[in-house]
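Given next are the chains, with one letter for each unit.
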Amino acid sequence: MTPLLLPKASVPTPKRTHGPAGPPSPRMMPQGPGSKKRSRRHQRFMERRALLEQRGLLRPRRRLGTQGPLGGHSNVTPRGWKVSKLGLSVSPSTSPDSTVGRCSRTSVGNTITGIQPCLPRPNKYVAIDCEMVGTGPRGRQSELARCSIVSYDGDVIYDKYVLPLLPIVDFRTRWSGITRRHMESAIQFRAAQEEILKILKDKIVVGHAIHNDFQALKYFHPKERTRDTSRIPLLNQRAGLPPGTNASLKSLARHLLQKKIQVGCKGHSSVEDARTAMELYRLVEVPWEAELARSQPPRPPSPTDPITDSHQYMDDQYWPQDLMAGTL
């Protein structure tokens, strides 16, 4: 009797959950003892990043296909900014503390040359100018008699007359504008110095021949946070002056800003000079900061600097306790 032959059972082939180029199925991923721990840590990382971005303490990540604003001059005022004394500034509805950085691109013709480093917030900039009088033998020693500080937009932050440590021999009124009457309301040098240094702390300070101002204040500001308009070759280039020329503030203002300063015999105005220095700096701010970024070594990240975007700030040692409570 011939035995009956049964057909072989076909083994079902598992279906692919993804295409040939798709990611592997979760079941196919290796499951090690540390995978769950890494997943929890990544989740905490993303939650912390989202919270810092929401509070304006961390710059949102740039997505593919997006571009920053193009450099160069434009007649269109960006949203959230207004035209002020010296140019563009943050509108009152937009707090300066919520403005993390100002990134830009430079272009030549139709070719984008690259993304420039993000610039600090406008409230990180101040401009300073000091007026001095003569003390000591024959009045040859210069001492502080007036100090003026203005903001990025040219608003006056500080403007006071200062009583020198030594008796005044020469008021130098023709240049300083200081008279005996101004000294009646002047404050002591030590008090003024303390007030001024509090303003300059952690700021990028702009000035013209600014080493003279710091010398009068008996103070040394960090070099990487100092912008001296008498030592910016781009300004001389735009004014048509030789690169090595130490052009005066008055000359640069006349060539580049079409304004006259330091005229007459009543002396200089330190407020006007500080504003002019800030205007000159803002003319070349983007290319000059890019040049400084290329020439200076990278600064190590600081957890107190909200401009710096670093993954290490997600570590527990940098995470504030008041932000952790009730959020994670």
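Presented here is a report on the structure given in the accompanying data block. The model shown is predicted, which means the values in this text are computed figures rather than measured ones. (Residues numbered from 1 in each chain as written. Predicted model: local features only at pLDDT ≥ 70, side-chain atom pairs only at ≥ 80, totals over all residues. Heavy atoms only, no water.)

We now examine the packing of aromatic side chains. Applying the stated criterion across every chain yields a total of three aromatic pairs. Relative to Tyr 281, the ring of Tyr 125 lies with its centre 5.5 Å away and its plane at 40 degrees, an arrangement referred to as tilted. Of this pair, Tyr 125 sits in strand β5 (residues 125-135) while Tyr 281 sits in helix α7 (residues 270-283), and the two are 156 residues apart along the sequence. The two residues Tyr 125 and Tyr 281 agree in class, both being buried. (Phe/Tyr/Trp six-rings, centres within 6.5 Å; stacked < 30°, edge-to-face > 60°. Helix = DSSP H or I, 4+ residues; strand = E, 2+ residues; numbered from the N terminus. Buried < 20%, exposed > 50% of the residue type's maximum accessible area, 1.4 Å probe, protein only.)

Where helix α6 (residues 249-257) meets α7, the closest approach of the two axes is 10 Å, and the angle between their N-to-C directions is 50 degrees. Here α6 lies oblique to α7, going by the angle between them. For the element pair α6 and α7, the recorded crossing hand is left-handed. Between α6 and α7, the residues in contact are Leu 249, Leu 252, Ala 253, Leu 256 and Leu 257 and Asp 273, Thr 276, Ala 277, Glu 279, Leu 280 and Leu 283, respectively. Within the contact of α6 with α7, the residues separate by chemical class into eight nonpolar, one polar and two charged. (Axes fitted to C-alpha atoms, helices over the stretch in contact; angles between N-to-C directions. Parallel < 35°, antiparallel > 145°, perpendicular 65-115°, else oblique. Left-handed = near helix turned anticlockwise from the far one by under 90°. Contact = heavy atoms within 4.5 Å. Nonpolar A, V, L, I, M, F, W, Y, C, P; charged D, E, K, R; others polar.)

Turning to the packing of helix α3 (residues 189-200) against helix α4 (residues 210-217), a few remarks are in order. Close contact between α3 and α4 brings their axes to 10 Å; oriented N to C, the two are set at 130 degrees. One element, α3, and the other, α4, form an angle in the oblique class. Contacts between α3 and α4 pair Phe 189, Gln 193, Ile 196 and Leu 200 from the former with Phe 214, Ala 216 and Leu 217 from the latter. Considering only residue class, the contact of α3 with α4 consists of six nonpolar, one polar and no charged.

Turning next to the pattern of salt bridges. This model, assessed by the stated rule, comprises nine salt bridges. The partner of Arg 146 in a salt bridge is Asp 159, with the nearest N and O atoms 3.0 Å apart. Within this pair, whereas Arg 146 is found in strand β6 (residues 141-151), its partner Asp 159 is found in strand β7 (residues 156-163), the two being separated by 13 residues in sequence. Using a relative accessible area of 11% as the deciding quantity, one classes Arg 146 as buried. Accessibility expressed as a relative area gives 34% for Asp 159, which makes it partly exposed. Across the salt bridge formed by Arg 227 and Glu 289, the nearest N and O atoms sit 2.7 Å from each other. Here Arg 227 is found in strand β11 (residues 226-228), whereas its partner Glu 289 is found in helix α8 (residues 285-295), with 62 residues between them in sequence. (Salt bridge = Lys/Arg side-chain N within 4 Å of Asp/Glu carboxyl O.)

Structurally, Ile 168 is set in strand β8 (residues 168-170). Distance from Ile 168 to Arg 180, taken between C-alpha atoms, is 9.3 Å for residues 12 residues apart in sequence. Beyond its immediate sequence surroundings of up to four residues, Ile 168 is in contact with Val 133, Gly 134, Thr 135 and Met 183.

From the geometry alone we can't say anything about function, so treat these as descriptive.
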